[in-house]
Amino acid sequence: MDDRLLIKKGAEASLYLEEWHGRRVVAKRRLPKPYRLPQLDRAIRGQRTKHEPLIIHRAKEVGVPTPIVFMVDPSEATIIMEFVEGKTVKQVLDGLSKEERAHLCVQIGELIGRLHKGGIIHGDLTTSNMILTPSGKVVLVDFGLSEQSEEVESRGVDLHLMKRALLSTHYKYAEECFEAIIRGYRKVMGTEATDEVLKKIREIEMRGRYVSERRLPSKT
Amino acid sequence: MPSKRGASTRTLRCLGIESTADDFGVGILSSDGEVLANVVSTYLPERGGIHPREAARHHAEVAGKVLVEALKQASVNPDEIDIVAFSQGPGMGPCLRTGATVARALAAYLNVPLVGVNHLVAHIEIGKLVTNAEDPVTLFVSGGSTIISAFEAGRYRIFGETLDIAAGNCIDVFAREAGLRPEEGLPVAAIVERLASQGRKFISLPYVVKGMNLSFSGLLTAATQLLREGGHSLEDLCFSFQEVVFSMLAEVTERALAHTEKPEVLLTGGVAANRRLQEMIRMIAEEHDARFCVVSKEYALDNGAMIAWTGILAYRCGLTTPIEESHVRLRWRLDEVYAPWVEELKRIG
């Protein structure tokens, strides 16, 4: 266990930096949940461990860069995948010039558009789940919550999550970034489908379900 | 015994009427959080589920009796009531309308303010009162609702909910399909629990969690299918069915808890009585260093006390419901309710 370096601890899985046949890799391990019946626990973790690489692969088919999966072990609920060199978009976004930022966000919007067009919902679109490689390519990671859907509702929720992530971590540029993302998204999805999703996002915001940043007039 | 809460200049008494589904309840609370009366009459269908019109007829029949009983229990005269609160929704139309009519008439007769209360908010507020929870992630599971909620910026936000049927409804329908009948004082869900405790073999059933949301309809269909086919003991089926339903609830509760980092988990609603569900949610709370709070049956099932208490909270923030706005709201969502009293209470301490 000593050669494992924990790099991210999530609610469902942990990521470790490890060596695997001389390669530097990321191991995603889904942790057992003690409250669940062991049999059911194994089945759920195994199922998700198999499902995630399938979606990662489908994303590649629709032209979205994702990590290379080297090995899948459902019995250990472990996925061994490529360690993607680069920095997260979260780390770099605030240090970019206005033009660079817009360029990067349009690129991200195109990737999200390709996913949605291909019937894939990422489920956890945040700037820490996007890696900018030294060559300037964006790689999407963490498909743990992803699902296959072509519904406007799912697309709206997906993009709304993106917007919320921008608002909470890149407050100053959130608006211009989201606009640039939509420009990229529109290039892939077309005007009609994009407007439909934008309308859905407004509807979701009005529902007030996912918006904690929308402050209400406070009583004094 | 419920604790005393909040400071106010004068002690107020609120009478609350609950009538969203099969229960007609009247509760009387004082503004320092003391439950003076809590009387409930439950409509028992001869077979099958709740028929809204039949339930409403029951409510109309017992309303007078339950009201008198509550006033007697609280030892107060009608003219000592300062506020009348009623559950305005969500729920079954005919049932809600019956309770609302009683409330409007009573408020007009006593010449006191009327407060329309959201039934879901009321479940959370009474849960907080009786368990001393301050800022919990709430898992509310009943025959009509399955909601994972926590308070953020003025409202009880919904972090997860069912996309189709409620978990309690799923259990009830499964029980009826299995031919189970309520026994003296025991609802069918309690019989499923008892049978489940005798089950040993786990049978795989659909487990559907989509992000933070849940879906039970596929699970119900698959479980009923297995019932009809035979081949498995009823004990094993109940056991497997329960394990899947509760694991789904637990998973989403854990995610909401990890995300919000709240200090407490509140378990309430009719299904909260289940020991296995309590065990799972307790384990999750412990893992995240949160206090586990489970609401006792009297306040976890639909009751008038919760409506009265929420009526007091709203009234103290200046919220009342004029007659012309007191129409019932069948699909009133939890997160549509502006709840200024929550932060107000924190401020007072």
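Residues numbered from 1 in each chain as written. Chains lettered and ligands numbered in written order. Predicted model: local features only at pLDDT ≥ 70, side-chain atom pairs only at ≥ 80, totals over all residues.

## Observations concerning the overall build of chain B
Looking only at helices and strands, chain B features 11 helices and 12 strands. On C-alpha atoms alone, chain B measures out to a radius of gyration of 20 Å, which is about the 20 Å that the 2.2 N^0.38 rule sets for 349 residues. Projected onto its principal axes, the C-alpha positions of chain B cover 65 × 45 × 35 Å. Per-residue burial over chain B gives 54% buried out of 349 residues. Sequence-distant contacts in chain B: of pairs separated by 6 or more residues, those separated by 24 or more amount to 77%. (Helix = DSSP H or I, 4+ residues; strand = E, 2+ residues; numbered from the N terminus. Rg over C-alpha atoms; globule rule 2.2 N^0.38 Å. Buried ≥ 20, exposed ≤ 12 C-beta atoms within 10 Å, placed from the backbone. Contact = placed C-beta atoms within 7 Å.)

## As for unusual backbone geometry
Residue and element names in this part refer to chain B. A cis amide bond, omega -5°, links Gly89 with the succeeding residue Pro90. In this structure, Asn111 is a non-glycine residue whose phi angle is positive, near 55°. You can see Asn111 is positioned in the loop between α2 (93-110) and β5 (114-118). Taking the number of C-beta atoms within 10 Å as the measure of exposure, Asn111 has 7 and is therefore exposed. Despite not being glycine, Glu261 has its phi angle at roughly 55°, a positive value. Mapping Glu261 onto the fold places it in the loop between α7 (234-260) and β11 (264-268).

## Here we look at the domain arrangement of chain A
Residues and elements named next belong to chain A. Here chain A is partitioned into domain 1 (5-82) and domain 2 (87-207). Of note, the centres of domain 1 and domain 2, computed from C-alpha atoms alone, are 23 Å apart. Sorting elements by how many residues they give to the side of domain 1 that touches domain 2 places helix α1 (residues 38-61) first, with five residues. When the residues that make up the side of domain 1 that touches domain 2 are grouped by side-chain class, the tally is eight nonpolar, two polar and three charged. (Domains from an automatic or database assignment. Nonpolar A, V, L, I, M, F, W, Y, C, P; charged D, E, K, R; others polar.)

## Describing the interface of chain B and chain A
The partner chain A presents 18 residues to the 24 residues of chain B that form the contact. If you list the elements that add at least two residues to the side of chain B that touches chain A, you get β8 (155-161), α7 and α8 (275-287) of chain B. When residues in the side of chain B that touches chain A are grouped by element, the largest group, seven residues, is from α7(B). Here the residues of the side of chain B that touches chain A sort into 12 nonpolar, four polar and eight charged.

## Things to note about the confidence of the model for chain A
Residues shown with low pLDDT carry predicted positions that ought not to be read at fine detail. Residues and elements named next belong to chain A. Of the residues in chain A, 92% reach a pLDDT of 70 or more, and the chain-wide mean stands at 90. Model confidence for chain A, summarised as mean pLDDT per element, is weakest for strand β1 (residues 5-9) at 85 and strongest for strand β9 (residues 138-140) at 98. Below a pLDDT of 50 lies the segment residues 208-220, which in the model reaches 20 contacts outside its immediate sequence neighbourhood of four places, other chains included. (pLDDT = per-residue confidence, 0-100.)

## Examining the pairing of strand β2 (residues 23-30) of chain B
Residue and element names in this part refer to chain B. Across the eight residues of β2, eight count as buried, placing the element largely inside the fold. Every second residue of β2 is oriented toward a common face, with Asp23, Gly25, Gly27 and Leu29 on one face and Phe24, Val26, Ile28 and Ser30 on the other, all of them buried. Summarising the sheet, strand β1 (residues 13-18) and β2 pair through six bridges and their orientation is antiparallel. Bridged to Leu15 within β2 is Ile28. Linking β1 back to β2 in an antiparallel pair, the connection comprises four residues. (Pairing = 2+ DSSP bridges.)

## Focus: the sheet that holds strand β4 (residues 69-73) of chain A
All names here are of chain A. Across the sheet, five strands lie side by side as β1-β2-β3-β5-β4; this open sheet has antiparallel pairing. Since the sheet does not close on itself, it has two edges, and those belong to β1 and β4, each with one partner. Strand-to-strand twist across the sheet, computed as the mean angle between neighbouring axes with direction ignored, equals 20°. In the packing of α1 onto the sheet, the strands contacted are β3 (23-30), β4 and β5 (78-82), and the crossing angle to β4 comes to about 160°. (Axes fitted to C-alpha atoms, helices over the stretch in contact; angles between N-to-C directions.)

## Details of the environment of Thr268(B)
All names here are of chain B. Secondary-structure assignment places Thr268 in strand β11. When the 29 C-beta atoms within 10 Å are taken as the criterion, Thr268 is described as buried. The sequence separation of Thr268 and Ala166 amounts to 102 residues, and the corresponding C-alpha distance is 14 Å. Those residues within four positions of Thr268 in sequence are excluded, and the remaining contacts are His123, Gly127, Thr138, Phe140, Val295 and Ala300.

## Topic: the domain arrangement of chain B
Residue and element names in this part refer to chain B. Along its sequence, chain B is organised into domain 1 (13-125 + 302-348) and domain 2 (127-298). Looking at which element gives the most residues to the side of domain 1 that touches domain 2, the answer is helix α3 (residues 119-131), with five residues. The class makeup of the residues in the side of domain 1 that touches domain 2 is 11 nonpolar, four polar and two charged.

## Quick word on the sheet that holds β5(B)
Residues and elements named next belong to chain B. Taken in spatial order, the five strands line up as β3-β2-β1-β4-β5 in an open sheet, and their pairing is mixed. One side of each edge strand has no neighbouring strand; the edge strands of this open sheet are β3 (35-42) and β5. When the angles between neighbouring strand axes are averaged without regard to direction, this sheet yields 20°. Along the sheet, α2 contacts β1, β2, β4 (83-89) and β5; its crossing angle with β4, the most-contacted strand, is approximately 160°.

## Focus: the packing of α3(B) against helix α10 (residues 304-316) of chain B
A packed helix pair is summarised by two numbers, namely the angle formed by the two axes and the spacing between the axes. Residues and elements named next belong to chain B. Look at α3 against α10: their axes get within 8 Å of each other, and the N-to-C directions meet at 90°. It follows that α3 is roughly perpendicular to α10 by the angle criterion. Listed contacts from α10 to Val121, Ala122, His123, Glu125, Ile126 and Leu129 of α3 are Ala305, Met306, Ile307, Trp309, Thr310 and Leu313. Residues that form the contact of α3 with α10 fall into these classes: nine nonpolar, two polar and one charged. (Parallel < 35°, antiparallel > 145°, perpendicular 65-115°, else oblique.)

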